Amino acid sequence: MSSTADSTVKAFDADAIHAGNFALRIDHEKVGRETDALMARMSLAQKINEIRGRQPQPIDGLYYAGGDESVGIEPWKMVDGPRGARTGNATAFPVAIARAASFDVDLERRVGMAIGLEVAAKGGNVLLAPTLNLLRHPGWGRAQETYSEDPHHTGAMGAAFISGAQNHVLTSPKHFALNNLENTRFELSAEIDARSLHEVYLPHFKRCVVEARAASVMSAYNKVGGRHCGEHPELLDEILRGDWGFLGFVESDWFLGVRSTAPSLNAGLDIEMPTGFRFGDDELEEALASGEVSEEVIHRNARRSVYQKLAWQLSRDGVAGKARPDPAVVECEEHVALAREAAEKSIVLLKNAGEVLPLAPEAGVRVAVVGDLADSINLGDRGSSMVTSSSVTLPLQGIRAGAGAATVEYFASDADFSRLADFDVAVVVAGLTYRDEGEFIPMAQKEAEDGELARGGDRETLDLPPEQRDLIERAAAAAKLTVVVLQGGSAILVDDWIDRVDALLMAWYGGREGGHALARVLFGEVSPSGRLPVSIPREMDHLMPWDVTALSVEHGLLHGYRWLDHHGHEPAFPFGFGLGYTSFELANLQLVRADDGFRCRVDVCNTGPRGGATIVQLYVSCRDSKVFRVEKELKGFGRIDLEAGATATLEVDIRDEALCFYDADTRSWQLEDCRYLFHLGHSSLDLPLSAEWLQAGGEWGAA
Ligand code: BGC
């Protein structure tokens with residue numbers, strides 16, 4: 001709904017986002033007592049049963065773990081994943097990075113809630129999502145599953161998803177931690193200093209645990225500092241439980257997520273999934289006999305799982321004290337409409353020369369739709385995040401349905417394009433598929449061997465595949481006007497062909513309603529409002545070195561826009577960038593101290609000819625610091641929807657903690673005496689307003 005004049009919009013309304021999240025209503029004292037009473041009646045064998053999955057393959061999409069009728073404990077029934085329930089048909093939402101482009105935290109809460117409800121309706125009780133690994137490099141094969149290259153943005157979207165989903169089921173944000181290169185994920189070691197770890201790679205996990213109280217966390221396959229994440233005491237114990245107060249359980253990633261018995265159990269890996277390979281009877285017997293693992297540790301780990309089962313009131317018929325939802329909620333009208341809303345809000349308009357868009361759905365207008373992808377189901381990767389829906393609207397179908405009185409004709413990729421000049425415009429759908437990027441799993445390898453060409457994995461280059469690039473060139477050479485619609489899960493280089501096209505839309509993998517959403521944007525039913533959650537560089541060399549065979553990868557404070565800023569490389573399109581069919585102006589920035597932080601208020605006016613939404617972004621720079629600081633970092637954002645001519649005030653809160661640096665020596669956050677610059681604007685490179693505050697001798701003053 002659009003805001004009217006004089007209204008105030010909160011950038012992140014924590015009360016509304018976290019409303020209904022069952023984890024926030026748990027009576028921990030009572031659950032603790034009940035858990036101890038129950039555990040006292042359990043034998044060692046019964047406890048062991050709680051720390052491992054039941055069988056390697058899912059049953060109807062559900063991975064079972066633990067559960068024992070004789071003591072009245074239900075099993076965990078875990079279901080993937082980040083863009084919908086991966087069991088049978090379900091609502092295929094746009095991939096997470098697409099939803100992230102909406103910068104709409106309330107939308108993400110509603111998507112989380114819908115996916116959680118569908119999982120519960122299918123009998124699941126743990127949703128294996130969201131994927132929270134930072135997009136360190138856009139070539140990561142699983143980029144589409146995560147939200148962003150920015151920790152603040154990832155944390156806000158992830159917390160909203162979790163709180164929505166935890167209305168119905170537990171969630172398991174993954175993969176803890178630093179899982180951001182696919183091809184070598186089982187062996188590679190992420191090397192990182194404490195400051196980069198806490199400031200860049202963990203804040204979003206922390207927020208999801210501390211604020212949204214994720215009930216579970218999935219460990220990662222890779223190593224951090226030479227040690228596999230599934231047996232990493234610093235990550236699983238000191239940080240997750242010690243620093244963040246996590247009360248949930250940690251389950252491993254599948255098959256190769258646990259590499260040892262005693263070190264994993266002792267470090268706090270509570271449940272091995274999908275079954276007991278390292279936590280098998282023989283392995284445990286040996287570890288107990290040798291004294292490497294104590295019964296207390298088995299008790300502790302099993303207790304964490306049982307605790308959550310009691311806390312969430314699991315029963316044969318439901319979760320969180322609710323009856324199992326009617327299966328009719330799966331792909332219900334409301335969820336289908338939500339999938340379309342998410343797809344619509346995710347589309348990013350990158351170029352619109354001569355205002356070629358929106359197209360007029362009028363008699364006499366002739367639209368050529370070009371490219372095989374316009375007529376293909378392209379929902380994203382086919383690894384663990386794959387979702388199938390009973391029906392998918394393809395771009396061509398959506399455009400035909402939304403074209404009104406305009407004429408639409410389709411040209412496959414191998415068609416003769418000489419007739420394109422007879423059309424007013426050519427809409428070319430090009431990009432990537434699951435063959436170019438995605439999770440790299442043994443199944444995919446198997447399919448590849450079977451001749452299916454399923455590959456996925458990381459992208460070595462950010463260029464379009466040559467035949468896709470060729471398609472754009474051939475269409476642009478023949479057409480009067482060319483609009484390119486890109487599908488894909490991350491940044492795609494455009495610099496060497498963008499001058500030959502008139503308009504460019506990034507449409508990601510738009511889910512089951514992607515075709516309708518695209519048509520509504522093309523024909524101006526809605527003004528595009530998505531913003532890039534990943535920088536698009538001009539050249540691959542402008543980003544950090546990228547080696548998809550690396551077994552050791554250095555992580556630091558710089559990547560994405562932080563890297564580009566630092567090295568002085570102007571991107572083709574900056575983080576946070578996106579155009580619309582209307583325009584916005586920001587005015588009257590006020591920045592005042594409010595408890596433990598700042599409150600920023602700014603007037604946002606829709607100065608253009610029609611209604612639409614914009615994303616106001618707030619970045620902070622710290623000057624005169626005693627430690628190295630990156631040029632600027634996103635610390636707040638708000639989405640605001642306004643009628644033409646309307647103004648509203650956006651309110652963004654920034655906690656002091658967000659201004660701190662992490663001091664590795666004292667393992668603490670330091671708010672230092674410094675000059676803090678707050679920049680406000682429309683992308684990481686378009687920041688027209690700013691304010692400065694100074695902290696000196698621990699006292700704040702406006703500069
Ligand atoms: C993936 C996880 C997924 C799990 C279960 C693993 O290969 O890394 O993200 O949840 O499989 O399907």
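Structural notes, computed from the coordinates. (Residues numbered from 1 in each chain as written. Predicted model: local features only at pLDDT ≥ 70, side-chain atom pairs only at ≥ 80, totals over all residues. Heavy atoms only, no water.)

1. Examining the overall build of the chain
Working step 1: For the chain, the helix and strand inventory stands at 18 helices and 27 strands.
Working step 2: Computed over its C-alpha atoms, the radius of gyration of the chain comes to 25 Å, within 12% of the 27 Å expected for a compact globule of 703 residues.
Working step 3: Along the longest, intermediate and shortest principal axes, the C-alpha atoms of the chain span 80 × 65 × 45 Å.
Working step 4: Classification of the 703 residues of the chain by burial places 63% in the buried group.
Working step 5: For the chain, restricting intrachain contacts to residue pairs at least 6 apart in sequence, the fraction spanning at least 24 positions comes to 76%. (Helix = DSSP H or I, 4+ residues; strand = E, 2+ residues; numbered from the N terminus. Rg over C-alpha atoms; globule rule 2.2 N^0.38 Å. Buried < 20%, exposed > 50% of the residue type's maximum accessible area, 1.4 Å probe, protein only. Contact = heavy atoms within 4.5 Å.)

2. Considerations on the sheet that holds strand E26 (residues 689-696)
Working step 1: Spatially, five strands are ordered E21-E20-E25-E26-E27 in an open sheet, and the strand pairing comes out antiparallel. Among the strands making up the open sheet, the edge pair consists of strand E21 (633-642) and strand E27 (699-702). With strand direction ignored, the average angle separating the axes of adjacent strands in the sheet is 20°.
Working step 2: Direction of pairing for strand E25 (residues 675-681) relative to E26: antiparallel, over a ladder of six bridges. (Pairing = 2+ DSSP bridges. Axes fitted to C-alpha atoms, helices over the stretch in contact; angles between N-to-C directions.)

3. Looking at helix H8 (residues 203-210)
Working step 1: Buried within H8 are the following residues: His204, Phe205, Arg207, Cys208 and Val209.
Working step 2: On its buried face, H8 sits against helix H6 (151-165), helix H7 (194-201), strand E7 (216-218) and helix H9 (233-243).

4. Brief notes about the sheet that holds strand E17 (residues 552-555)
Working step 1: A sheet is described by the order of its strands in space; here four strands give the open sequence E9-E8-E6-E17, paired in mixed fashion. Only two strands of the sheet have a single neighbouring strand rather than two, namely strand E9 (227-228) and E17.
Working step 2: With two bridges connecting them, strand E6 (residues 189-192) and strand E8 (residues 223-224) associate as parallel partners. Looking at the pairing, Ala190 lines up with Val224 of E8.

5. Digging into the layout of surface pockets
Working step 1: In this model, the largest pocket occupies a volume close to 1,200 Å³.
Working step 2: Lining the largest pocket are 41 residues, and of these His152, Arg207, Glu211, Arg655 and Ala658 sit closest to its centre.
Working step 3: Contributing elements (two or more residues each) for the lining of the largest pocket: helix H1 (14-18), H6, H7, H8, strand E19 (597-606), E21 and strand E22 (647-655).
Working step 4: For the lining of the largest pocket, the residue count by class is 17 nonpolar, six polar and 18 charged. (1 Å grid on protein atoms, 1.4 Å probe; cavity = no way out; pocket = protein on both sides within 12 Å on 5 of 7 lines; lining within 4 Å. Points joined across faces, edges and corners; volume = space filled by probe spheres on them. Nonpolar A, V, L, I, M, F, W, Y, C, P; charged D, E, K, R; others polar.)

6. Here's the deal with the packing of H6 against H8
Working step 1: Where H6 contacts H8, the axes come no closer than 8 Å and their chain directions differ by 25°. By the angle class used here, H6 and H8 are roughly parallel. By crossing handedness, the relation of H6 to H8 is classed as right-handed. Between H6, through Pro151, His152, Thr154, Gly155, Ala156, Gly158, Ala159 and Ile162, and H8, the contact on the second element is made entirely by Pro203, His204, Arg207 and Cys208.
Working step 2: Within the contact of H6 with H8, the residues separate by chemical class into six nonpolar, five polar and one charged. (Parallel < 35°, antiparallel > 145°, perpendicular 65-115°, else oblique. Left-handed = near helix turned anticlockwise from the far one by under 90°.)

7. Considering the nonpolar core
Working step 1: The biggest cluster of nonpolar side chains holds 96 residues, and the ones touching the most others in it are Leu127, Phe176, Leu202, Leu240, Trp244 and Phe637.
Working step 2: The biggest single contributor to this core is helix H5 (residues 105-121), with nine residues.
Working step 3: Beyond its immediate chain neighbours, meaning those up to four positions away, Leu240 contacts Phe176, Val209, Val217, Leu235, Gly245, Phe246 and Val250.
Working step 4: By size, the runner-up hydrophobic cluster in this structure holds 53 residues, among which are Leu350, Ala475, Leu543 and Trp546. (Core = buried A, V, L, I, M, F, W, Y, C linked by side-chain atoms within 4.5 Å.)

8. Quick word on the pairing of E26
Working step 1: What you see with E26 is a clean split: Leu689, Ala691, Trp693 and Gln695 sit on the buried side and Ser690, Glu692, Leu694 and Ala696 on the side with no burial.
Working step 2: By the bridge criterion, four bridges tie E26 to E27 in an arrangement that is antiparallel. Looking across to E27, one finds that Ala696 is bridged to Glu699.
Working step 3: Hairpin remark: E26 followed by E27, antiparallel, with two residues in the connecting loop; positive phi at Gly697, about 55°.

9. Looking at the packing of H7 against H8
Working step 1: In the contact formed by H7 and H8, the axes pass within 5 Å of each other and the chain directions differ by 55°. Overall, the two elements H7 and H8 adopt an arrangement that is oblique. Residues Leu197, His198, Glu199, Val200 and Tyr201 of H7 form the contact with H8, whose own contacting residues are Pro203, His204 and Phe205.
Working step 2: When the residues that make up the contact of H7 with H8 are grouped by side-chain class, the tally is five nonpolar, two polar and one charged.

10. Examining the pattern of salt bridges
Working step 1: Inspection of the entire model under this criterion finds 54 salt bridges.
Working step 2: We note a salt bridge from Asp80 to Arg86, for which the minimum N-O separation is 3.6 Å.
Working step 3: Put simply, Arg639 and Asp104 hold a salt bridge, and the shortest N to O gap is 3.5 Å. Highlighted residues: Arg639 in strand E21 and Asp104 in the loop between helix H4 (96-101) and H5, separated in sequence by 535 residues. For the pair shown, Arg639 and Asp104 are each scored as buried.
Working step 4: One continuous salt-bridge network, built from bridges that share partners, spans Asp104, Asp106, Arg109, Arg110, Glu341, Lys345 and Arg639. (Salt bridge = Lys/Arg side-chain N within 4 Å of Asp/Glu carboxyl O.)

11. Some points on H9
Working step 1: All of the buried residues along H9 are Leu235, Leu236, Ile239, Leu240 and Arg241. All buried residues of H9 project into a common sector of 165° when viewed along the axis, lining one side.
Working step 2: Positive backbone phi, approximately 70°, marks Gly245, located one or two places after H9. (Arc of directions from axis to C-beta.)

12. Description of a negative patch on the surface
Working step 1: On the surface, Asp282, Glu283, Glu285, Glu286 and Glu292 cluster together to form a negatively charged patch.
Working step 2: As for its position among the elements, Asp282 is in helix H11 (residues 281-290). (Patch = residues over 30% accessible without salt bridge, like charges linked within 9 Å, V, L, I, M, F, W, Y side chains within 5 Å. Areas by Shrake-Rupley, 256 points an atom, 1.4 Å probe, with all protein chains shown as cover. Lys, Arg positive; Asp, Glu negative; His and termini not counted. Charge placed at Lys NZ, Arg CZ, Asp CG, Glu CD.)

13. Focus on the site of the ligand
Working step 1: Looking at the ligand, there are 13 residues lining it, with Asp80, Arg142, His175, Asp253 and Glu439 nearest.
Working step 2: Between the ligand and Arg142, the relevant distance is 2.8 Å, taken from an oxygen atom to a side-chain nitrogen or oxygen of the residue.
Working step 3: In the model, an oxygen atom of the ligand is placed 3.0 Å from a nitrogen or oxygen of the Lys174 side chain.
Working step 4: Contact with the protein chains hides 95% of the accessible area of the ligand, taken as 310 Å² for the molecule alone.
Working step 5: In terms of residue class, the shell around the ligand is made up of four nonpolar, two polar and seven charged. (Near = heavy atom within 4 Å. Polar contact = N/O pair within 3.5 Å; in protein donor to acceptor, adjacent residues only side chain to side chain.)

14. Here we look at a nonpolar patch on the surface
Working step 1: Together, Phe255, Leu256 and Phe277 line one region of the surface with nonpolar side chains, adding up to about 250 Å² of accessible area.
Working step 2: Looking at the element boundaries, Leu256 is found in the loop between strand E10 (249-251) and helix H10 (262-267).

15. Quick look at the side chain of Glu182
Working step 1: Note that Glu182 resides in the loop between strand E5 (170-171) and E6.
Working step 2: Owing to a relative accessible area of 1%, Glu182 belongs among the buried residues under this scheme.
Working step 3: Setting aside residues no more than four positions away along its own chain, Glu182 makes contact with Trp140, Gly141, Arg142, Gly438, Glu439, Phe440, Gly457 and Asp458.

16. A closer look at the environment of Gly597
Working step 1: With respect to the helices and strands, Gly597 occurs in strand E19.
Working step 2: Residue class for Gly597 comes out buried when judged on its relative accessible area of 1%.
Working step 3: For the pair formed by Gly597 and Arg655, sequence separation is 58 residues and the distance between their alpha carbons is 4.1 Å.
Working step 4: In this view, Gly597 contacts Val592, Ile654, Arg655 and Asp656; residues no more than four positions away in its chain are not counted.

17. A few points about unusual backbone geometry
For residues that are not glycine, phi is negative in most cases, and the peptide bond is trans in most cases.
Working step 1: Note the cis peptide between Lys174 and His175, where omega equals -5°.
Working step 2: Tracing the backbone through its elements, the reader meets His175 in the loop between E5 and E6.
Working step 3: Residue Pro358 is bonded to the preceding Leu357 through a cis peptide linkage, with omega at 0°.
Working step 4: Relative to the assigned elements, Pro358 resides in the loop between strand E11 (348-352) and strand E12 (366-370).
Working step 5: In this structure, Leu178 takes a positive phi of about 60° despite not being glycine.
Working step 6: The backbone phi angle of Ala320 is positive, close to 55°, even though this residue is not glycine.
Working step 7: With respect to the helices and strands, the residue Ala320 is situated in the loop between helix H12 (295-311) and helix H13 (333-346).
Working step 8: Overall, Ala320 belongs to the buried group, its relative accessible area being 8%.

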